[in-house]
Amino acid sequence: MLRRVYYDSKRIEKVETALNSPFGRVKLKINEYNIDIGIVLDKPLKYCYAVYIDGIFKDKWLLEDCEIRRRFCQKHTKSLLNAKGKQKLKRERKEIREQVIKNTTYEWYEPYFSSFRTLKAHFIKNNNSIELV
């Protein structure tokens, strides 16, 4: 089944230009949610895009598996093994290797995106309609 996402590419370009300035802010209507996207300081001289739902962001959305987390937060995964540990695993049987890799990786979600391209792709993939307010 082909899912169609409704958004206007010219308006998306307007959103990107509005967010190019430091501490820029844009309001969007995505499905039934009012979304604010703002530029915030991540590190000295490094900015990122922060997502707020109805002007706020609650910690429980990051901790619980909910619709808001899937739609508006970026998923990160990390392995506890370094390159040397992964190299040693190549000698093990496939079942053991898969089990160790599964148990040594963890994931977390953040309402921050490092680039506009990843933010746009995530929103288009996980939502049906995107409108500029």
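Residues numbered from 1 in each chain as written. Predicted model: local features only at pLDDT ≥ 70, side-chain atom pairs only at ≥ 80, totals over all residues. Heavy atoms only, no water.

## Quick look at the overall build of the protein chain
Right, on to step 1. Check the secondary structure of the protein chain and you find six helices and seven strands.
Right, on to step 2. Computed over the C-alpha atoms, the radius of gyration of the protein chain is 18 Å, more than 25% above the 14 Å expected from 2.2 N^0.38 for a compact globule of 133 residues.
Right, on to step 3. Looking at the protein chain as a whole, 32% of its 133 residues qualify as buried.
Right, on to step 4. A fraction of 61% describes how many contacts in the protein chain between residues 6 or more apart in sequence connect residues 24 or more apart.
Right, on to step 5. When the accessible surface of the protein chain is summed, it comes to about 9,700 Å², and 50% of that surface belongs to carbon and sulfur atoms.
Right, on to step 6. Both charge centroids of the protein chain, one from 29 positive and one from 17 negative side chains, sit 6 Å from each other. (Helix = DSSP H or I, 4+ residues; strand = E, 2+ residues; numbered from the N terminus. Rg over C-alpha atoms; globule rule 2.2 N^0.38 Å. Buried < 20%, exposed > 50% of the residue type's maximum accessible area, 1.4 Å probe, protein only. Contact = heavy atoms within 4.5 Å. Areas by Shrake-Rupley, 256 points an atom, 1.4 Å probe, with all protein chains shown as cover. Lys, Arg positive; Asp, Glu negative; His and termini not counted. Charge placed at Lys NZ, Arg CZ, Asp CG, Glu CD.)

## Comments concerning the side chain of aspartate 36
Right, on to step 1. Mapped onto the fold, aspartate 36 is located in strand S2 (residues 33–43).
Right, on to step 2. A relative accessible area of 8% means that aspartate 36 is categorised as buried.
Right, on to step 3. At 3.4 Å, the side chain of aspartate 36 and the side chain of lysine 27 are in polar contact.
Right, on to step 4. Aspartate 36 has contacts with Arg25, Val26, Lys27, Ala50, Val51, Tyr52 and Gly55, leaving out every residue within four places of it along the chain. (Polar contact = N/O pair within 3.5 Å; in protein donor to acceptor, adjacent residues only side chain to side chain.)

## Comments concerning the side chain of asparagine 127
Right, on to step 1. You can see asparagine 127 is positioned in the loop between helix H6 (116–126) and strand S7 (130–132).
Right, on to step 2. Of the polar contacts made by the side chain of asparagine 127, one reaches the backbone oxygen of phenylalanine 123; its length is 3.1 Å.

## Focus on unusual backbone geometry
Apart from glycine, the bulk of residues carry a negative phi angle, and the bulk of peptide bonds sit in the trans form.
Right, on to step 1. You will see that phenylalanine 23, though not glycine, has its phi angle at about 60°, which is positive.
Right, on to step 2. Residue position: phenylalanine 23 is located in the loop between helix H1 (9–18) and strand S1 (25–30).
Right, on to step 3. Judged by relative accessible area, which is 58%, phenylalanine 23 ranks as exposed.
Right, on to step 4. We note that aspartate 54 has phi near 55°; this positive angle belongs to a residue other than glycine.
Right, on to step 5. A relative accessible area of 52% means that aspartate 54 is categorised as exposed.

## Some thoughts on the pattern of salt bridges
Right, on to step 1. The full count for this structure, using the stated rule, is eight salt bridges.
Right, on to step 2. Salt bridges sharing partners connect three or more residues here, namely Arg25, Lys27 and Asp36. (Salt bridge = Lys/Arg side-chain N within 4 Å of Asp/Glu carboxyl O.)

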